Amino acid sequence: MSASPIQQNPSYLSAIQVLQNNQPEHAKQLLLALLNDYEDDVSVWLGLAVACNKLSDSQGCFDALDNALKIEPNNITILIMKGDLLLAQGKKRLANHCYGVVVSIAENSQDLPDDLTQAVNRVAKARDQINGEIEQHLRKNLTLDEHPNKRTRRFRQSLDLLSGSKSIYPQKPRAFYFPELPLKQFYDREEFDWAKHVEKQTGAICEELAGLIAKNVEFEPYIKSAEQGPSGHVNPLLDKTDWSAFFLIKDGAVVQENANLCPKTMNALSKVPFPKIKGRAPMVLFSLLKPGTRIAPHHGFLNTRLICHLPLVVPDNCGLRVGNQEHQWRKGEIVVFDDSIEHEAWNNSQENRIVLIFDIWRPELTELERKWVSELLEAVDTFDEL
């Protein structure tokens, strides 16, 4: 890459040489003179910032860095220097903001020079340290420990977001987005009056599952080529039984042969508010995840529904992450979450993990909105039939 005009300028080269010879005052004067003709050159402002810093002129250093950032707001070197200067002055929160921008830019950059990569790694560690200090300070000034954890769950999450220990994960449904619905990763199962009825039937459902396994019924791959649209990404679990399903209801239609084998399970779900969308919903299935299998982070199709898990076979070292929260399944305890938020699951045990999965309408939708969503999506699916 050819040098910029300023880097070939004798006055600039002289200023840098003087700066390297530890004569910051002389260098500062040379660089200030260059600004008459090179006010829009980052190199001059950066050199001036270094000279001012050597002279302990923090305000002059800040002014030079800010002028450089006006020209190149995403310059990692300048942002790191500003963050370091703020940190040296004890302004940790502002330094942490600069470091956060640096880390974000670096994550989306390729082929950073080795020295810059090392500097970014240093900044990332400093940021983790500051975030930890911020969180400890905040907790000392709060009365959270005086109240039950469940009552403070939302506020605790806001604290994690403020301290930077967790990130915000938005709803990103792949097919249809309904606006103004709350961003809520997991729901308390106590919010649903049908949940206890289903949980009480866990024993009967497990008996029917055991019967299916004893009969060696076929669990089909959860992700099948024939059901996938065009995609630039090939799921590693495509057409594999590492993640497999035995459907009782699929795409809104009862799989009668399978449902006949599980009458108690079907009856246990009789009070569940299934979304009814022809060709799409509801779905009810036994989901099997083999040992050592991980379902990669992904988003569901709609944010107008919630996904429910009734854990049936749950060995240790299995889990579910939705957004910034992790959950460990407990047999017979329903889990309700928004699958339009990025989520993943894993089975790091030596046994199969099996849960009963079904979907429900989001409780925030009115009956009329549910009707319209169903009509809309059914109309979408019939477009090619015109």
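Before going into details, it helps to say that this report is about the structure given with it. Computed from a predicted structure; not experimentally measured. (Residues numbered from 1 in each chain as written. Predicted model: local features only at pLDDT ≥ 70, side-chain atom pairs only at ≥ 80, totals over all residues. Heavy atoms only, no water.)

For the protein chain, the helix and strand inventory stands at 13 helices and 12 strands. For 386 residues, the compact-globule estimate of 2.2 N^0.38 gives 21 Å, and the C-alpha radius of gyration of the protein chain, at 29 Å, exceeds that figure by more than 25%. For the protein chain, buried positions account for 44% of its 386 residues. Taking the contacts inside the protein chain whose residues are at least 6 apart along the sequence as the reference set, 69% of them involve residues at least 24 apart. Carbon and sulfur atoms form 50% of the exposed surface of the protein chain, whose accessible area is close to 21600 Å². The positive charge centre, built from 43 side chains, and the negative charge centre, built from 52, are 7 Å apart in the protein chain. (Helix = DSSP H or I, 4+ residues; strand = E, 2+ residues; numbered from the N terminus. Rg over C-alpha atoms; globule rule 2.2 N^0.38 Å. Buried < 20%, exposed > 50% of the residue type's maximum accessible area, 1.4 Å probe, protein only. Contact = heavy atoms within 4.5 Å. Areas by Shrake-Rupley, 256 points an atom, 1.4 Å probe, with all protein chains shown as cover. Lys, Arg positive; Asp, Glu negative; His and termini not counted. Charge placed at Lys NZ, Arg CZ, Asp CG, Glu CD.)

Its boundaries defined by the atoms lining it, the second largest pocket holds a volume of some 520 Å³. If you trace the second largest pocket, you find 20 residues lining it, with Arg153, Phe186, Asp188, Gln325 and His327 closest to the centre. Elements with a minimum of two residues in the lining of the second largest pocket: helix H8 (153-163), strand E1 (186-187), strand E9 (325-327) and strand E10 (335-337). The residue makeup of the lining of the second largest pocket, split by class, is five nonpolar, four polar and 11 charged. (1 Å grid on protein atoms, 1.4 Å probe; cavity = no way out; pocket = protein on both sides within 12 Å on 5 of 7 lines; lining within 4 Å. Points joined across faces, edges and corners; volume = space filled by probe spheres on them. Nonpolar A, V, L, I, M, F, W, Y, C, P; charged D, E, K, R; others polar.)

Turning next to the pattern of salt bridges. Counted under the stated rule, the structure contains 25 salt bridges. Here Arg362 ties to Asp338 by a salt bridge, and the two come within 2.9 Å at their closest N and O atoms. One end of the pair, Arg362, is in the loop between strand E12 (353-361) and helix H13 (367-381); the other, Asp338, is in the loop between E10 and strand E11 (343-347), and 24 residues separate them in sequence. The exposure class assigned to Arg362 is buried, which follows from its relative accessible area of 0%. Taken together, the shared-partner salt bridges connect Arg189, Glu190, Glu199, Arg330 and Glu333 into one network. (Salt bridge = Lys/Arg side-chain N within 4 Å of Asp/Glu carboxyl O.)

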